[in-house]
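# Per-entry structural report
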Amino acid sequence: MIIQNVYSSTLKEAMQKLGKGASVAESRGGGRYNLKDLYKLDSTGKWDVKYPANDMTTQRTLSNGFVKTGKMWLNGNYAGHYDLAYWNGNLTINDDNELGAFLDNFMFTGNTDTHSALVYINGNLDIHYPCIIKPRVRKLFTCFYIAGSFTHNGLISMTDRGANHSGTGNSHGYTAPIAIPINGTITIPAVGGAGGARAIRTSSGSTVNAGGTATYGTGGGGSGHNHVSSSGSTTAGAGSAGTCFSGGGGGCGSMTYTASNTIVAENDAQSNGGAGGKPHATVNLYGTSGGSGNPGGMIRGAAGSGFGDNTAGVRQPSNGGFMEQNGIDPYKGVGTERGPGRYVDAGNGTAGVFIAMCEGDYTGSTGRIESRGKNHGNYHEIGGNGAGGGRGGAGGGGIGMIFGGTATRTGPTPVIDGGAQGNNFGGAAGGAGTGAIYAL
Amino acid sequence: MKYFIHDHYGGQQGLIDSLPEGYTALDYEHPDTPGIIEGLGDGANIACIPGVVAQLSMKYTNTPQIEWKCVSVSHCSNWDEVESALTLVETEQDQAWELHKQFLIDNGYPIPD
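Source: prediction; values computed, not measured.

## Regarding the confidence of the model for chain B
Mean pLDDT over chain B stands at 92; residues scoring 70 or higher make up 100%. Scored as a complex, the prediction yields pTM 0.88 and ipTM 0.94.

The following block contains the structure:
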């Protein structure tokens, strides 16, 4: 492992600085040996050999394949820690080899929230269907630099992998949001789209406020759904703004028959990729649902009768809601079909940031790059064993930016939708992020 | 008026070329586009691309409420499919209200107007 801090004016320059020379791996002949060991290594040609960074025979024996780590400053601003994986030569990831699982370990460390994931391919990168590249944990951002061409027919996802860089709750550390200059032309703003404002009602009906958008930025989270059945003065929680490292989270929902409620800060989504809005402290006929975030807010069961297994006034993970959007899955739920069952992932996760730079062509006909906000399953949940009430807000969309070095930039456009507003008293939609293809 | 939010990477060119009367096509990367949608009110914003921002009749109570909504049309290849996507949002909220109403009836609550 090489430790190297990097100071650059742009992310492109940083990737080039880190990539050059990364192929010169350290000799693995260091250490203490007795003469017998030395003779054995030397006689088999294994003494003082400088292995390339991507040598499979040695990498498979390592806990990971990372070659560099350190801190990064971009245009004078601290951009967090990074981990860099280097691949020397062309890399084809297809379903005929076993690289998929290995590459998860090769490309991504378990460093959560405080680190970006950088991957430098010193050659062409060719990803086949159905290979999936997605960090196992939340990252400040993921950036691929490909010295050759990039052919993408697989799936790259940063959905749910936006960082909780708030330093609060389940965050692994605070990193201040900064403007991230990519290539001297495009800059991701420190603050993305605004969060949807608190939704206020004083009469029968519903109100929601969707998250906003920002040029080159992530999307803001949506407010919760505020529904007054008969009468009352109620407020649903606000979404949070997107940042350079995460889409915004969603505010808590509210649904009452005649009662009023009072909103407090914890009902709003927390800033910098933090927690989703928590449900209201009191409930009446209906329950109340938390918003999406890191972690997602729970639901609180209703006080009325006929609510099945939900215990009144007790917060618990959201049921049936908050799914990763899966529009391309032919077997996805339709109509009012519910999503994954209770306790499955709830509303955890915000959309992250993915950037790819290739010096050659960017092509691919069936590939997909996603970083989407978390949304509700399209499921109405009032009675029975549901107590969701007015649903919490959806998350803002992330960033998927592809930079191509030639005029051939025909590969798939990243999908960066905000979480959708469910049709069934769902929380407000998150704002769209930025999904685009640019010149390197 | 309805707004078709698209990007300029060619994927929606067929829909742009056959834009029906009553629609305005807006490139989401144009700096004016977010302000146009936000200015419509109802807390509407651009949530998805491609998407359609339209006033829909949402039945949260017995009296439908007209609201601006941004609806994903990423699965649509023609305008009939787009219209179906918009109608589906209204239909599913209608169904949700019927379930909600039945719940109130079952539990002895008057149905508000």
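Continuing now.
## Let's talk about the interface of chain A and chain B
Contact residues are listed per partner, giving 39 residues for chain A and 33 residues for chain B. Mapped onto the side of chain A that touches chain B, the elements with two or more residues apiece are β15 (205-207) and β26 (434-439) of chain A. Tallied by class, residues from the side of chain A that touches chain B come to eleven nonpolar, 27 polar and one charged.

## Brief notes about the environment of V208(A)
Along the chain, the position of V208(A) falls in the loop between β15 and β16 (226-228). Along the primary structure V208(A) and N75(A) are separated by 133 residues, whereas in three dimensions their C-alpha atoms are 38 Å apart. Ignoring anything within four residues of it in the chain, the contact list for V208(A) reads A199(A), G222(A), S223(A), H225(A), Q421(A), G427(A), A428(A) and G43(B).

## With respect to helix α3 (residues 79-106) of chain B
Residues and elements named next belong to chain B. Given a rise of 1.5 Å per residue, 28 residues ought to cover 40 Å, and the 41 Å separating the end C-alpha atoms of α3 matches this to within 8%. Looking at α3, one finds that the buried residues are V82, V89, Q93, A96 and H100. In this structure, the buried residues of α3 make contact with β3 (51-58) and β4 (65-72). Looking one or two places after α3, you find G108, whose phi comes out positive at around 80 degrees.

## Digging into the nonpolar core
Residue and element names in this part refer to chain A. Residues I146, I355 and A356 are the most contacted members of the largest nonpolar core, which totals 94 residues. I355 has contacts with L11, F141, C143, I182 and M401, leaving out every residue within four places of it along the chain. Counting seven residues, the second-largest nonpolar core is a separate cluster that includes Y257, V283, L285 and F425.

## Description of the sheet that holds strand β11 (residues 155-157) of chain A
Residue and element names in this part refer to chain A. Read across the open sheet, the three strands follow the order β8-β11-β24; overall the sheet is parallel. Edge strands, defined here as strands with exactly one partner in the open sheet, are β8 (132-133) and β24 (368-370). For β8 and β11, the ladder comprises two bridges, and the chain directions are parallel. Its bridge partner being in β11, I133 is matched across the sheet by I156.

Quick notes on the rules
- Residues numbered from 1 in each chain as written.
- Chains lettered and ligands numbered in written order.
- Predicted model: local features only at pLDDT ≥ 70, side-chain atom pairs only at ≥ 80, totals over all residues.
- pLDDT = per-residue confidence, 0-100.
- Contact = placed C-beta atoms within 7 Å.
- Helix = DSSP H or I, 4+ residues; strand = E, 2+ residues; numbered from the N terminus.
- Nonpolar A, V, L, I, M, F, W, Y, C, P; charged D, E, K, R; others polar.
- Expected span 1.5 Å × (residues − 1).
- Buried ≥ 20, exposed ≤ 12 C-beta atoms within 10 Å, placed from the backbone.
- Core = buried A, V, L, I, M, F, W, Y, C linked by C-beta atoms within 7 Å.
- Pairing = 2+ DSSP bridges.

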